[in-house]
Amino acid sequence: VGDQNEHARYSETGSFVDIAAPGGNASSSDDANKRHWIWSTYLRSKGASYIGMTGTSLAAPHVAGVVVLLLSVRPSLTPAQIEAALTQTATDLGQAGRDNVFGYGLVNAVAAVKQVQPLAEADIFEPDNDPATAHWIAINGNSQSHNFHQAGDRDWLKFYARRNTIYTAETFRS
């Protein structure tokens, strides 16, 4: 995308587009507007300097950088979880929802990191094992169940709790 969140003329469109990222959108090689370029370090014969460039080669590192940020705060993320974090937190552009021009929208580093960041880890003590072998449970929607073992055993469960979110746990045996 360009500096006005417009579709860059060199960028592909289609059902395969998942996410958009800044790649510049200069109108020509002599475009004088510095906001139309992505500025990058560039090694020249006289040493390193900055150069304005455009293209998907400049957009891809933005997404890769966000992936590294996600893994830095939660190294256990799977590729599917990373993809979900990127697409669920992207800033929607173009038609509402996913479209063939911007995919799910413009990559949003802050929102993606906030979504995966373990703000508080809580171990829930329930009737087997010990905390070192606790099972992770995913909380999706309104409820999540866990199969408890025989009576007298103890189960430790743990999940990521988000700040300013209320969780209620109820246990029962049928």
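First, a word on scope: everything that follows refers to the structure included in this document.

Reading guide: rules and limits
- Residues numbered from 1 in each chain as written.
- Predicted model: local features only at pLDDT ≥ 70, side-chain atom pairs only at ≥ 80, totals over all residues.
- Heavy atoms only, no water.
- Helix = DSSP H or I, 4+ residues; strand = E, 2+ residues; numbered from the N terminus.
- Buried < 20%, exposed > 50% of the residue type's maximum accessible area, 1.4 Å probe, protein only.
- Areas by Shrake-Rupley, 256 points an atom, 1.4 Å probe, with all protein chains shown as cover.
- Pairing = 2+ DSSP bridges.
- Core = buried A, V, L, I, M, F, W, Y, C linked by side-chain atoms within 4.5 Å.
- Phe/Tyr/Trp six-rings, centres within 6.5 Å; stacked < 30°, edge-to-face > 60°.
- Lys NZ or Arg CZ within 6 Å of the ring centre and 35° of its normal.
- Expected span 1.5 Å × (residues − 1).
- Arc of directions from axis to C-beta.

**Quick word on the overall build of the protein chain**
Inference 1: Counting its regular elements, the protein chain contains 3 helices and 5 strands.
Inference 2: Helices and strands appear in the protein chain in the N-to-C order β-β-α-α-α-β-β-β.
Inference 3: With 174 residues in all, the protein chain has 28% of them scored as buried.
Inference 4: Carbon together with sulfur atoms contributes 52% to the accessible area of the protein chain, which is approximately 11600 Å² in total.

**Looking at the environment of Gly65**
Inference 1: Tracing the chain through its elements places Gly65 in helix α1 (residues 56–73).
Inference 2: We classify Gly65 as partly exposed; its relative accessible area is 29%.
Inference 3: Along the backbone, Gly65 and Ala109 are 44 residues apart, and their C-alpha atoms lie at a distance of 8.6 Å.

**Observations concerning the pairing of strand β2 (residues 47–53)**
Inference 1: The pairing of strand β1 (residues 38–44) with β2 spans 7 bridges and is classified as antiparallel. Looking across to β2, one finds that Arg44 is bridged to Gly47.
Inference 2: The turn joining β1 and β2, which pair antiparallel and follow one another in sequence, is formed by 2 residues.

**A short note on the nonpolar core**
Nonpolar side chains tend toward joint burial in soluble globular proteins.
Inference 1: Ranked by size, the top nonpolar core spans 13 residues in total, and within it Val66, Leu70, Leu86 and Val107 carry the most contacts.
Inference 2: Elements with a minimum of two residues in this core: α1, α2 (79–89) and α3 (109–116).
Inference 3: Sorting elements by how many residues they give to this core places α1 first, with 4 residues.

**Here's the deal with the packing of aromatic side chains**
Inference 1: Within this structure, the stated rule accounts for 0 aromatic pairs.
Inference 2: A cation over a ring is seen here: Arg98 above Tyr104, with NZ or CZ 6.0 Å from the ring centre.

**A word on α1**
Inference 1: Here α1 is 18 residues long and its end C-alpha atoms lie 26 Å apart, about the 26 Å a rise of 1.5 Å per residue gives.
Inference 2: Buried residues of α1: Leu58, Ala59, Val63, Val66 and Leu70, and no others. Down the axis of α1, the smallest arc covering the buried residues is 145°, so these residues share one side. Exposed side of α1, more than 90 degrees from the buried face: Ser57, Val68 and Ser72 are the residues found there.

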